[in-house]
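Chain and residue survey
Now for the letters of each chain:
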Amino acid sequence: MNGGTCFVNERDQPKCKCKPRYAGQECEMDQCKDYCQNGGICSASTLGKPACRCPVGFTGPTCKQRVCDSFCLNEGICDVNTGNQPYCYCLPDFTGDRCQYSECYDSNPLHQKFDLSSI
C-alpha cells in the first residue's frame, strides 16, 4: 500500500518496508496527514519523519507559531518580509528593530534613546 514493499520475513510473517512519510503494518498511515498547520506543506525528512515547509508568517515544527507573536514591543506593528523574518513599524515615540527604545527629548534639540526592554 502507498508504494511500500511487502515480503515474508524469516519467521514466515508478512512485513512491509514503507516509503518515507508512510508507516503502519501495511504502510497505510500517511504521517503527513493533518501534520502541518496554517497551510504548511508536509514532506518526509531524510529519516522518513514528517517535516513542514511553512508559509510566510508562520514557523515551528508544524507551522503553528506566528512569526510576529510577541515580536514588536511598545505597540509596534509587526510584518514579515519574503525571507519570513519579522520587522516592526514603530509608533512615533519609539525606535529600534523591535520598537524597544523610547525617544526622550531634553531641553536641548538633541535626543537620547533609552532601551526599555530591560526594565
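Where an unreviewed UniProt entry is consulted, the protein chain appears under the name EGF-like domain-containing protein, with the organism given as Chiloscyllium punctatum.

Tallying each qualifying case throughout the model produces 1 aromatic pair. Consider the rings of Tyr87 and Tyr89, whose centres lie 5.5 Å apart with planes at 70°: the pair is edge-to-face. For Tyr87, a relative accessible area of 30% puts it in the partly exposed group. The lysine or arginine in question, Arg98, covers the ring of Phe71, its NZ or CZ lying 4.8 Å from the ring centre.

A few words on the pairing of strand S5 (residues 41-44). As paired strands, S5 and strand S6 (residues 50-53) are joined by 4 bridges and run antiparallel to one another. Residue pairing in the sheet places Ile41 in a bridge with Arg53 of S6. Connecting S5 to the next strand, S6, in antiparallel fashion are 5 residues, including Gly48 with a positive phi near 85°.

Attention now moves to the state of the cysteines. As used in these notes, a disulfide is a covalent bond between sulfur atoms, one from each of two cysteines. For the structure shown, the criterion picks out 8 disulfides. A disulfide bridge connects Cys32 with Cys42, and the sulfur atoms are separated by 2.0 Å. Its S-S torsion of approximately -70° makes the covalent link between Cys32 and Cys42 left-handed. One end of the pair, Cys32, is in the loop between strand S4 (29-30) and S5; the other, Cys42, is in strand S5, and 10 residues separate them in sequence. For the pair formed by Cys32 and Cys42, the shared burial category is buried. A sulfur-sulfur separation of 2.1 Å characterises the disulfide bridge that pairs Cys54 with Cys63.

Definitions and cut-offs
Residues numbered from 1 in each chain as written. Predicted model: local features only at pLDDT ≥ 70, side-chain atom pairs only at ≥ 80, totals over all residues. Heavy atoms only, no water. Phe/Tyr/Trp six-rings, centres within 6.5 Å; stacked < 30°, edge-to-face > 60°. Buried < 20%, exposed > 50% of the residue type's maximum accessible area, 1.4 Å probe, protein only. Lys NZ or Arg CZ within 6 Å of the ring centre and 35° of its normal. Pairing = 2+ DSSP bridges. Helix = DSSP H or I, 4+ residues; strand = E, 2+ residues; numbered from the N terminus. Disulfide = S-S within 2.5 Å.

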